[in-house]
2 protein chains.
Amino acid sequence: MLAAAALSRLILLRLGLVVLLLFGALPRPTLAQTDPLPSWNEGKAKTSIMDFVRRVTTQGSADFVPVEERIATFDNDGTLWAEQPMYFQILFALDRLKAMARATPALAATEPYKSALSENNTVLAALGEKGFLQIVALTHTGLTVADFEKIVQDWLKTARHPRFDRPYTDLVYQPMQELLAYLRANGFKTFIVSGGGVEFMRPWAPKAYGIPPEQIVGSSGKTEFKLDGDKPEILKLPEIEFVDDGAGKPVGINRFIGRRPVFAAGNSDGDLEMLQWTTLNTGPRLGLIVHHTDAEREWAYDRNSHVGRLAKALDQAPERGWLVVDMKTDWKVVFPFQK
Amino acid sequence: MLAAAALSRLILLRLGLVVLLLFGALPRPTLAQTDPLPSWNEGKAKTSIMDFVRRVTTQGSADFVPVEERIATFDNDGTLWAEQPMYFQILFALDRLKAMARATPALAATEPYKSALSENNTVLAALGEKGFLQIVALTHTGLTVADFEKIVQDWLKTARHPRFDRPYTDLVYQPMQELLAYLRANGFKTFIVSGGGVEFMRPWAPKAYGIPPEQIVGSSGKTEFKLDGDKPEILKLPEIEFVDDGAGKPVGINRFIGRRPVFAAGNSDGDLEMLQWTTLNTGPRLGLIVHHTDAEREWAYDRNSHVGRLAKALDQAPERGWLVVDMKTDWKVVFPFQK
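Keep in mind it's a predicted model, so treat the numbers as computed, not measured.

**Q** Can you walk me through the overall build of chain A in this structure?
**A** On a plain count of helices and strands, chain A comes out with 14 helices and eight strands. The proportion of buried residues among the 339 residues of chain A is 53%. Across chain A, every contact between residues at least 6 apart in sequence was considered, and the portion connecting residues at least 24 apart equals 66%. Split by element, the accessible area of chain A, about 15400 Å² in all, is 56% carbon and sulfur. In chain A, 39 positive and 40 negative side-chain charges are present, and the distance between their average locations comes to 5 Å.

This is the structure in structure tokens:
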């Protein structure tokens, strides 16, 4: 019985192989190809991206890049999701400060927390970097990484963006989601390289972008390992460890990824050095800048913006050959909910 | 013609599906399974590893772990390759010091380089941590990461291990190679988490272990991004940034990987906290210690060794349930060239 079954199995296996061979040898009818970037309007931006991907993935082409070297790095704020009216992590810090002040009312009487709680944008702006660092220290440290992760996840469940009245994770850019998926389908490993805090991004970015935690590089504070009886913990300390912005981005790429990317996307001068490190090298390279030009569907800002200032990178784009994506004309939709 | 081809293709496709369905439904004859760990002797160690992998990969099992959480971390020195008579990175530093002293003879007259060049082990040992850090600073910094990578690669091409007279990369452990491949075949993502320098490992470890640069975590010095005209560079500075050893290992795992491993392997007290962080948690976990017990094929050392000292982790192993692998009895071969 077993022998008969084995024989049938062998025959079917052979038949299967014959079918596969025939199948592979038949002329392929022309099928309508699915557009991998449906939210990108036809034009230079879309053509340049698709041409680059075709060149680096074509075996035998002078520009062919082996799969293991297909490293693509993306800034997050303003490149993969929105960053107005303020970086979302700052809005998170202010919400968390409010919650902490409800639990500890004395906080509301102490500067800079008092000013930060005023909900007055002029007062807020006057806090400056020093004030904000104090707020980040208060709201982001003195707890375990596991507890912080839960706080971020809980915040995302209830917080709403002030203009769109939607969860912040709804404000990812649809065309960039398609670009991430398109690159991955072509053998690229996609990374986030953001000035934002790595512990703030890891709780939600994997689901939002399909990028696992170990492929997210960001700014970080120092941490400490503690064994409390039989319970190991990692504590977040109030000391800055690494600022993954500007010249820190190539440093972070070298430290965390250990390879030079062939593709990088950003939207501000904080991405200038990442674009330089990626593109000023031999072989095929693509640097991409998301230019915020659409005040109606999103925001329009560059040289004089308080977030995502874009001046030097925009000036260098023509000579460096960086692709400047015009949000208004190049993108059919901005956010997934506008589809 | 095209229609006929398409029709044949459709029929063959259907036929293929039927074959596949029948094939899947037939009783499977018992076939001799290929042993995924042929260099491991039958016994508790091999059984425990295979049992763990079966449990975490069995859908519906209480111990099932989704693929994205199958994170496995491995120490390098003494766990994946040998570390006697000294960490190989120190032997590299001494060779590089010799080369630098040939180019700059004044070095040979200056301490601690003079002592280091003496090739007298007692004098070398007397240098202590401070002396070695000075030698590492001299031999590992003040150049670009690209130049350093080339120096490491060139060294590996010519340097020979003093006992085995073979390239250092021949001294990887065959059973651990099989374990890495076995875990990856079962959906694990494998990482190196080593006290060694990350820039020293990345030039050779990807080829030696099948682990890409971005999955190698190690100690590091500070670096700096520089744009020299149109040529971007990353320079290695003589300042320690991160020591990925002891309590630094869970910190490094949290920073670089962002997930808690379910499997960790080490061989010394420098791996104690990584083993604690990995295993003192709910759900299925496996902590593994390579115990160097084979003076004939490799070396025998633990509590009193000047490298890879293993005392605390060995003492905690029974209560923590860590698997202690006895190199002499559990491994059929140690190095690939002994096969």
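**Q** Looking at this structure, how should I read the pairing of strand β8 (residues 323–326) of chain B?
**A** The side chains of a regular strand alternate, residue by residue, between the two faces of the sheet. Residue and element names in this part refer to chain B. Here β8 shows a buried face lined by Leu323 and Val325 and an unburied face lined by Val324 and Asp326. Bridge count for strand β6 (residues 286–293) against β8 is four bridges, and the pairing is parallel. Within the sheet, the bridge partner assigned to Val290 lies in β8 and is Val325.

**Q** Honestly, the pattern of salt bridges in this entry has me stumped. Any pointers?
**A** Any two side chains of opposite charge can pair, on the condition that their charged atoms come close. Throughout the structure, instances matching the rule amount to 44 salt bridges over all chains. Linking Lys222 of chain A and Glu239 of chain A is a salt bridge whose minimum nitrogen-to-oxygen distance equals 3.6 Å. Of the two residues, Lys222 of chain A sits in strand β3 (residues 216–228) while Glu239 of chain A sits in strand β4 (residues 231–242), which places them 17 residues apart along the sequence. Residue Glu239 of chain A is classed as partly exposed on the basis of its relative accessible area of 44%. Across the salt bridge formed by Arg320 of chain A and Asp230 of chain B, the nearest N and O atoms sit 2.7 Å from each other. In this pair, Arg320 of chain A sits in helix α13 (residues 312–320) while Asp230 of chain B sits in the loop between β3 (216–228) and β4 (231–242), so the two residues belong to two different chains. Since its relative accessible area comes to 15%, Arg320 of chain A is described here as buried. If you follow the salt bridges from partner to partner, you end up with Asp51, Arg54, Arg55 and Asp63 of chain A in one network.

**Q** Can you walk me through the side chain of Asn76 of chain B in this structure?
**A** All names here are of chain B. Summarising the element assignment, Asn76 is placed in the loop between β1 (71–74) and α3 (88–103). In terms of polar contacts, Asn76 uses its side chain to reach the side chain of Tyr209, at 2.8 Å. Once residues lying within four places of it in the same chain are set aside, the contact partners of Asn76 are Trp81, Ile192, Ser194, Met201, Trp204 and Tyr209.

**Q** Explanation requested: the nonpolar core in the structure shown.
**A** It is characteristic of soluble globular proteins that their nonpolar side chains tend to be buried jointly. Core analysis: the biggest nonpolar cluster contains 71 residues, and Phe74, Met176, Leu179, Trp204, Tyr209, Phe263 and Leu288 of chain B have the highest contact counts within it. Residue contributions to this core peak at eight residues, all from α3 of chain B. Among the nonpolar cores identified, the runner-up in size contains 70 residues, and Phe92, Val198, Met201 and Ala265 of chain A belong to it.

**Q** Just checking my understanding: could you explain the packing of aromatic side chains for this structure?
**A** Where two aromatic rings form a pair, the distance of their centres and the angle of their planes describe that pair. For the structure shown, the criterion picks out 43 aromatic pairs over all chains. Ring geometry for Phe92 of chain A versus Phe200 of chain A: centroids 5.3 Å apart, planes at 45 degrees, classification tilted. Of this pair, Phe92 of chain A sits in helix α3 (residues 88–103) while Phe200 of chain A sits in helix α9 (residues 198–201), and the two are 108 residues apart along the sequence. The same class applies to Phe92 of chain A as to Phe200 of chain A, namely buried. Relative to Phe256 of chain B, the ring of Phe256 of chain A lies with its centre 4.2 Å away and its plane at 25 degrees, an arrangement referred to as stacked. Of this pair, Phe256 of chain A sits in helix α11 (residues 248–257) while Phe256 of chain B is found in helix α11 (residues 248–257), placing the two residues in two different chains. Owing to a relative accessible area of 8%, Phe256 of chain A belongs among the buried residues under this scheme. An aromatic cluster is defined as three or more aromatic residues linked by ring pairs; in this entry it consists of Trp81, Phe88, Phe92, Phe148, Trp155, Tyr168, Phe200, Trp204 and Tyr209 of chain A. Directly above the ring of Phe242 of chain A sits Arg255 of chain A, whose terminal nitrogen or CZ lies 4.4 Å from the centroid. For Arg260 of chain B, the ring lying beneath its charged end belongs to Trp277 of chain B, and the centroid distance is 4.0 Å.

**Q** For this particular structure, what's the right way to read the packing of α11 of chain B against helix α12 (residues 272–279) of chain B?
**A** Two quantities define a packed helix pair, namely the angle between the axes and the distance from one axis to the other. All names here are of chain B. Close contact between α11 and α12 brings their axes to 7 Å; oriented N to C, the two are set at 55 degrees. The orientation of α11 relative to α12 falls into the category oblique. In contact with Lys249, Pro250 and Ile253 of α11, α12 contributes Glu273, Met274 and Trp277. Along the lines of polarity and charge, the residues of the contact of α11 with α12 split into four nonpolar, no polar and two charged.

**Q** What is the right way to read the pairing of β6 of chain B from this model?
**A** All names here are of chain B. Across the eight residues that make up β6, a large majority, seven, are buried. Pairing analysis gives four bridges linking strand β5 (residues 263–266) to β6, with the strands arranged parallel. Paired with Ala265 across the two strands is Leu288, which belongs to β6. In the classification by handedness, the crossover that spans β5, the intervening α12 and the parallel β6 is right-handed. One ladder, built from two bridges, connects β6 with strand β7 (residues 300–301); its direction is antiparallel. Considered in β7, the bridge of His292 is made with Tyr301.

Conventions we followed
- Residues numbered from 1 in each chain as written.
- Chains lettered and ligands numbered in written order.
- Predicted model: local features only at pLDDT ≥ 70, side-chain atom pairs only at ≥ 80, totals over all residues.
- Heavy atoms only, no water.
- Helix = DSSP H or I, 4+ residues; strand = E, 2+ residues; numbered from the N terminus.
- Buried < 20%, exposed > 50% of the residue type's maximum accessible area, 1.4 Å probe, protein only.
- Contact = heavy atoms within 4.5 Å.
- Areas by Shrake-Rupley, 256 points an atom, 1.4 Å probe, with all protein chains shown as cover.
- Lys, Arg positive; Asp, Glu negative; His and termini not counted.
- Charge placed at Lys NZ, Arg CZ, Asp CG, Glu CD.
- Pairing = 2+ DSSP bridges.
- Salt bridge = Lys/Arg side-chain N within 4 Å of Asp/Glu carboxyl O.
- Polar contact = N/O pair within 3.5 Å; in protein donor to acceptor, adjacent residues only side chain to side chain.
- Core = buried A, V, L, I, M, F, W, Y, C linked by side-chain atoms within 4.5 Å.
- Phe/Tyr/Trp six-rings, centres within 6.5 Å; stacked < 30°, edge-to-face > 60°.
- Lys NZ or Arg CZ within 6 Å of the ring centre and 35° of its normal.
- Axes fitted to C-alpha atoms, helices over the stretch in contact; angles between N-to-C directions.
- Parallel < 35°, antiparallel > 145°, perpendicular 65-115°, else oblique.
- Nonpolar A, V, L, I, M, F, W, Y, C, P; charged D, E, K, R; others polar.
- Right-handed = clockwise from strand over helix to strand, strands pointing away.

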